[in-house]
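Working through the structure, step by step
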Amino acid sequence: EGWYLRHGGFDSQAFVDLGVVIDELRGNTTPFVATCTDHAKLLHFNGPLKPWRLDVWRKQQPAPVCAEPETYTLPNPHWSKSALVYSRKAPFILCVDLWKMHISKELDCALRDIEGEWMEDERAWRNSHRVNQKKKDEDAQRAAKEAEEAKKKADAKKATDAEEAQKTGAEDKQKGQ
């Protein structure tokens, strides 16, 4: 994806202007940048960051960035920046804002995978519960081990005290004779 952008008129400054980072190892950009939206008649969101699933991914991943369509300007976008692409100032917006401009709240809600969202919540809860349970088990093992070590120390001290008491008793007995 980064290769296509670099060979599609983007230079390093364009990425900086948009706040885009390129993974040098894989060539991926973060956030994802879509340039086809400046003249598209139809948008197809085929990646994992679907606009109608924003609540699921927005805390873990920056929102994808789309070229603003040439035919109109989006009123009040949440985010808007420009970059020079082939020496032409190109405006970019969040793809989510572009999506919301063209869909009603009812259709947006209908597209949501409510069961899938709950499954993600359940999975997150199970993972959190598993991590917490593992921590509790480790803490319990650590506490048991510390208690066992403390008991061993106390037993060793009792044995040492008993030996000293025997020695002292034997010394007292010898003194008394």
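The model shown is predicted, which means the values in this text are computed figures rather than measured ones.

1. Quick notes on the sheet that holds strand E6 (residues 88–94)
If you walk across this open sheet you meet the 4 strands as E3-E4-E6-E5, and the pairing is mixed. In this open sheet, the two edge strands, each paired with only one partner strand, are strand E3 (33–34) and strand E5 (80–85). In the sheet, E5 pairs with E6 via 6 bridges, with the strands oriented antiparallel. Note that in E6 the partner of Ala83 across the bridge is Ala90.

2. Quick notes on the pattern of salt bridges
Here the structure, examined in full by the defined rule, presents 6 salt bridges. For Arg88, the salt bridge is made with Glu70, and the minimal N-O distance between the two is 4.0 Å. Of the two residues, Arg88 is situated in strand E6 and Glu70 in the loop between strand E4 (65–67) and E5; the sequence distance between them amounts to 18 residues. As a salt-bridge pair, Asp155 and Lys151 come within 3.2 Å of each other at their nearest N and O atoms. A residue pair is termed a helical-turn pair when its members lie 3 or 4 positions apart in one helix, as Asp155 and Lys151 do in helix H6 (residues 114–176) at 4 residues. Under the relative-accessibility criterion, Asp155 is labelled partly exposed at 37%. Overall, the relative accessible area of 52% leaves Lys151 in the exposed class. Overlapping salt bridges bring together Lys135, Asp139 and Arg142 as one network.

3. Focus on the state of the cysteines
By the definition in use, this model includes 1 disulfide. Sulfur-sulfur distance for the disulfide between Cys66 and Cys95 comes to 1.9 Å. With the S-S bond torsion at 105 degrees, the cross-link from Cys66 to Cys95 turns out right-handed. Taken together, the residues Cys66 in strand E4 and Cys95 in helix H4 (residues 95–101) connect sequence positions 29 residues apart.

4. Comments concerning the nonpolar core
Core analysis: the largest hydrophobic core is formed by 14 residues, its most contacted members being Phe10, Phe15, Leu18, Val33 and Phe92. Contributions of two or more residues to this core are made by helix H2 (12–18), E4, E5 and E6. Top contributing element to this core by residue count: H2, with 3 residues. Counting 10 residues, the second largest nonpolar core, distinct from the first, contains Trp52, Leu98, Trp99 and Ile103.

5. Notes on the side chain of Glu68
With respect to the helices and strands, Glu68 occurs in the loop between E4 and E5. Buried charge Glu68 goes without a salt bridge, the closest partner of opposite sign being Arg88 at 9.5 Å. Discounting chain neighbours no more than four positions away, the residues touching Glu68 are Asp38, Thr73, Leu74, Pro91, Phe92 and Ile93.

6. Let's talk about the packing of aromatic side chains
The final tally for this structure, using the stated rule, is 2 aromatic pairs. Taking the centre distance of 5.9 Å and the plane angle of 65 degrees together, the rings of Phe10 and Phe92 count as edge-to-face. Of this pair, Phe10 sits in the loop between helix H1 (2–6) and H2 while Phe92 sits in strand E6, and the two are 82 residues apart along the sequence. Of the residues examined, Phe10 reaches a relative accessible area of 6% and is grouped as buried. Ring pairs connect the aromatic residues Phe10, Phe15 and Phe92, which therefore count as one cluster.

Definitions and limits used
- Residues numbered from 1 in each chain as written.
- Predicted model: local features only at pLDDT ≥ 70, side-chain atom pairs only at ≥ 80, totals over all residues.
- Heavy atoms only, no water.
- Pairing = 2+ DSSP bridges.
- Helix = DSSP H or I, 4+ residues; strand = E, 2+ residues; numbered from the N terminus.
- Salt bridge = Lys/Arg side-chain N within 4 Å of Asp/Glu carboxyl O.
- Buried < 20%, exposed > 50% of the residue type's maximum accessible area, 1.4 Å probe, protein only.
- Disulfide = S-S within 2.5 Å.
- Core = buried A, V, L, I, M, F, W, Y, C linked by side-chain atoms within 4.5 Å.
- Lys, Arg positive; Asp, Glu negative; His and termini not counted.
- Contact = heavy atoms within 4.5 Å.
- Phe/Tyr/Trp six-rings, centres within 6.5 Å; stacked < 30°, edge-to-face > 60°.

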